[in-house]
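# Descriptive analysis of the structure
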Amino acid sequence: TSLNEGTINAQTLKSVMRTYRNNILSDMKAMWSLWIPAQCITFGVMPLHLRLPFVALVSFVWCCYLSVAHGRYEKNAIIHDQIKKNENQTLQTEIMH
């Protein structure tokens, strides 16, 4: 990741904020669509001894949804490679001058 490689810069932060703005409404709608009914079931009809396993199951489903919805790994790898290439070109230009 960018954090591990120490390549966080203004372009990376702009990309993160752009992704956040693009996804926040749909993510919040999906979250409310899942968690509000799940919590109503948990505290309304779920026996006490099954509440924790039920919430853990719902949490697992939520994590799977987020992974599928936002796990565009090929696209992210291409963007990361482009950022690295631009940084290398910038460094080479600075060294030459």
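Conventions we followed
Residues numbered from 1 in each chain as written. Predicted model: local features only at pLDDT ≥ 70, side-chain atom pairs only at ≥ 80, totals over all residues. Heavy atoms only, no water. Axes fitted to C-alpha atoms, helices over the stretch in contact; angles between N-to-C directions. Helix = DSSP H or I, 4+ residues; strand = E, 2+ residues; numbered from the N terminus. Parallel < 35°, antiparallel > 145°, perpendicular 65-115°, else oblique. Left-handed = near helix turned anticlockwise from the far one by under 90°. Contact = heavy atoms within 4.5 Å. Nonpolar A, V, L, I, M, F, W, Y, C, P; charged D, E, K, R; others polar. Patch = residues over 30% accessible without salt bridge, like charges linked within 9 Å, V, L, I, M, F, W, Y side chains within 5 Å. Areas by Shrake-Rupley, 256 points an atom, 1.4 Å probe, with all protein chains shown as cover. Salt bridge = Lys/Arg side-chain N within 4 Å of Asp/Glu carboxyl O. Buried < 20%, exposed > 50% of the residue type's maximum accessible area, 1.4 Å probe, protein only. Core = buried A, V, L, I, M, F, W, Y, C linked by side-chain atoms within 4.5 Å.

### Overview of the packing of helix α2 (residues 10-44) against helix α3 (residues 51-70)
For the pair α2 and α3, the least separation of the axes is 11 Å and the interaxial angle reads 165 degrees. In terms of orientation, α2 and α3 fall into the roughly antiparallel class. For the pair α2 and α3, the sense of crossing is right-handed. Residues N23, D27, A30, M31, L34, W35, A38, Q39, I41, T42 and F43 of α2 form the contact with α3, whose participating residues are R51, F54, V55, V58, S59, W62, Y65 and H70. Residue composition of the contact of α2 with α3, grouped by class: twelve nonpolar, five polar and two charged.

### With respect to a nonpolar patch on the surface
Taken together, the side chains of V16, M17 and Y20 define a hydrophobic patch exposed on the protein surface, amounting to about 300 Å² of accessible area. In this structure M17 comes out as partly exposed when scored by relative accessible area, which is 40%.

### Observations concerning the nonpolar core
Membership of the largest hydrophobic core is limited to seven residues, which are A30, W35, A38, M46, F54, V58 and W62. Within the residue set of this core, elements represented by two or more residues are α2 and α3. Discounting chain neighbours no more than four positions away, the residues touching V58 are L34, W35 and A38.

### As for the environment of R51
Topologically, R51 is positioned in helix α3. Taking the relative accessible area as the measure of exposure, R51 reaches 25% and is therefore partly exposed. For the pair R51 and I41, spaced ten residues apart in sequence, the C-alpha separation works out to 9.1 Å. For R51, the contacting residues outside a window of four places in its chain are T42, F43 and M46.

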